[in-house]
Amino acid sequence: MITLSEIYKSFPGKKEMALSDISFSIGKGEAIALVGENGAGKTTLIRILSLILKPDKGFFSFDNIKFSDNPDYIKNKTGTLFSGDGSLYDRLTAEENIKYYAQLNGVGKNDYRKRIGPLIEDMSLSAFINDRVSTFSRGMKQRTAIARALITNPDFLILDEPSTGLDIISGNSVKRIINRLKQDGKTILFSSHNTDEIFTCADRITVIHKGKINCDKTVEAYRTAHGQDLTVYIKE
Ligand SMILES: Nc1ncnc2c1ncn2[C@@H]1O[C@H](COP(=O)(O)OP(=O)(O)OP(=O)(O)O)[C@@H](O)[C@H]1O
Ligand SMILES: [Mg+2]
């Protein structure tokens, strides 16, 4: 279980808070979809949960351990897919990127061998697994980055727009993977602009608007109230 409590974040030179009073929790086996317009604060929250940014105020904890008390505990349990494709090493191949990340995060050789095959299969990487990332399309980079986020078998998964840039087949694979990871008891937070992905994978929909939570409902409650219209809470 991850719990976020009254998280605030501002950036120098900006009048508006990037995030205000963000509180919610995500249980084991649960996926939350973070929804909101461009600039709403989704990536900022994801960067805080990935320990890249410090909040001005507030805390979050995983298994009741506060990030500020034991950042390494949370780091070791978390796998993050960052938005965009800038986080891979261009001069390494897809597999070298995944292996390097696995080694940095203490994945043993046996575990690596067990996990890499299914991930190559899931994300359809085999055609370019030994090619340099510098030659990849955006979607190929995204698929490689998703495999890299999963190689540590993390308990808490943070995915910033996992389906952005993916073709239809890979987008379907991501939906399948998220649902499988939920069944495995993982705790998942993903941001998305994709209605189908949100309603297929999320248990709860959390709408952030101008840095504040405007809505936090189960998917069933949301659907009953508004159908699949995700614009309802993206208003003043
Ligand atoms: N490093 C930074 N310095 C200053 N302002 C920033 C910085 N990072 C983000 N912001 C601001 O914080 C706000 C939230 O941005 P964020 O990237 O979290 O939005 P988002 O919800 O992820 O949007 P998108 O859907 O476009 O990815 C925006 O107003 C943005 O300009
Ligand atoms: Mg973003």
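Calculation criteria
- Residues numbered from 1 in each chain as written.
- Chains lettered and ligands numbered in written order.
- Predicted model: local features only at pLDDT ≥ 70, side-chain atom pairs only at ≥ 80, totals over all residues.
- Heavy atoms only, no water.
- Helix = DSSP H or I, 4+ residues; strand = E, 2+ residues; numbered from the N terminus.
- Rg over C-alpha atoms; globule rule 2.2 N^0.38 Å.
- Buried < 20%, exposed > 50% of the residue type's maximum accessible area, 1.4 Å probe, protein only.
- Contact = heavy atoms within 4.5 Å.
- Areas by Shrake-Rupley, 256 points an atom, 1.4 Å probe, with all protein chains shown as cover.
- Lys, Arg positive; Asp, Glu negative; His and termini not counted.
- Charge placed at Lys NZ, Arg CZ, Asp CG, Glu CD.
- Pairing = 2+ DSSP bridges.
- Axes fitted to C-alpha atoms, helices over the stretch in contact; angles between N-to-C directions.
- Phe/Tyr/Trp six-rings, centres within 6.5 Å; stacked < 30°, edge-to-face > 60°.
- Lys NZ or Arg CZ within 6 Å of the ring centre and 35° of its normal.
- Near = heavy atom within 4 Å.
- Polar contact = N/O pair within 3.5 Å; in protein donor to acceptor, adjacent residues only side chain to side chain.
- Salt bridge = Lys/Arg side-chain N within 4 Å of Asp/Glu carboxyl O.

Along the backbone of the protein there are 8 helices and 10 strands. Relative to its length of 236 residues, the protein is compact, with a C-alpha radius of gyration of 17 Å against a globular reference of 18 Å. Along the first, second and third principal axes, the C-alpha set of the protein runs to 50 × 40 × 35 Å. Across the 236 residues that make up the protein, the buried fraction comes to 48%. Within the protein, counting contacts between residues at least 6 apart in sequence, those at least 24 apart form 65% of the total. Working note: accessible area of the protein is about 11,600 Å², and carbon and sulfur atoms make up 47% of it. Measuring between centres, the 33 positive side-chain charges of the protein sit 3 Å from its 29 negative side-chain charges.

What follows covers the sheet that holds strand β2 (residues 19–26). An order of β2-β1-β4-β5 is seen for the 4 strands of this open sheet, with the pairing classed as antiparallel. Looking at which strands have only one partner, the edges of the open sheet turn out to be β2 and β5 (65–66). Note that strand β4 (residues 57–62) and β5 share 2 bridges and pair antiparallel. When the sheet's bridge partners are listed, F62 is paired in β5 with I65. The strands touched by helix α1 (residues 42–49) within the sheet are β1 (2–9), β2 and β4, with β1 carrying the most contacts at an inclination of about 120°.

Considering all chains together, one arrives at 6 aromatic pairs under this definition. Above the ring of Y8, the side-chain terminus of K57 is found at 4.4 Å from the ring centroid. Above the face of the Y101 ring, R148 is positioned so that its terminal group lies 5.4 Å from the ring centre.

With that out of the way, let us pick up the site of ligand 1. Taken together, 13 residues sit near ligand 1, with K14, G39, K42, T43 and T44 positioned nearest. Residue K14 places a side-chain N or O atom 2.6 Å away from an oxygen atom belonging to ligand 1. Take G41: an N or O atom from its main chain is 2.9 Å from an oxygen atom of ligand 1. When ligand 1 is considered free in solution it has 640 Å² of accessible area, and contact with the protein chains removes 65% of it.

Looking now at the sheet that holds strand β8 (residues 187–191). Strand order across the open sheet formed by 6 strands is β6-β7-β8-β3-β9-β10, with mixed pairing between neighbours. Edge positions in the sheet fall to β6 (78–81) and β10 (212–218), since each has one partner strand and no second. Shown here is a sheet whose adjacent strand axes are inclined to one another by a mean of 15°, direction ignored. Examined bridge by bridge, strand β3 (residues 31–35) and β8 share 4 bridges and lie parallel to one another. Residue pairing for β8: L34 is matched across the bridge by S191. The strands touched by helix α5 (residues 138–150) within the sheet are β6 and β7 (156–160), with β6 carrying the most contacts at an inclination of about 175°.

The final tally for this structure, using the stated rule, is 11 salt bridges. A salt bridge links E30 to R204; the nearest nitrogen and oxygen atoms lie 3.2 Å apart. You can see E30 sitting in the loop between β2 and β3 and its partner R204 sitting in strand β9 (residues 204–209), a full 174 residues away along the chain. Between K175 and D196 there is a salt bridge, with the nearest N and O atoms lying 2.4 Å from each other. Taken together, the residues K175 in helix α6 (residues 168–183) and D196 in helix α7 (residues 195–201) connect sequence positions 21 residues apart. Given the relative accessible area of 12%, K175 is considered buried. It is possible to trace a salt-bridge network through shared partners that takes in E30, R204 and D216.

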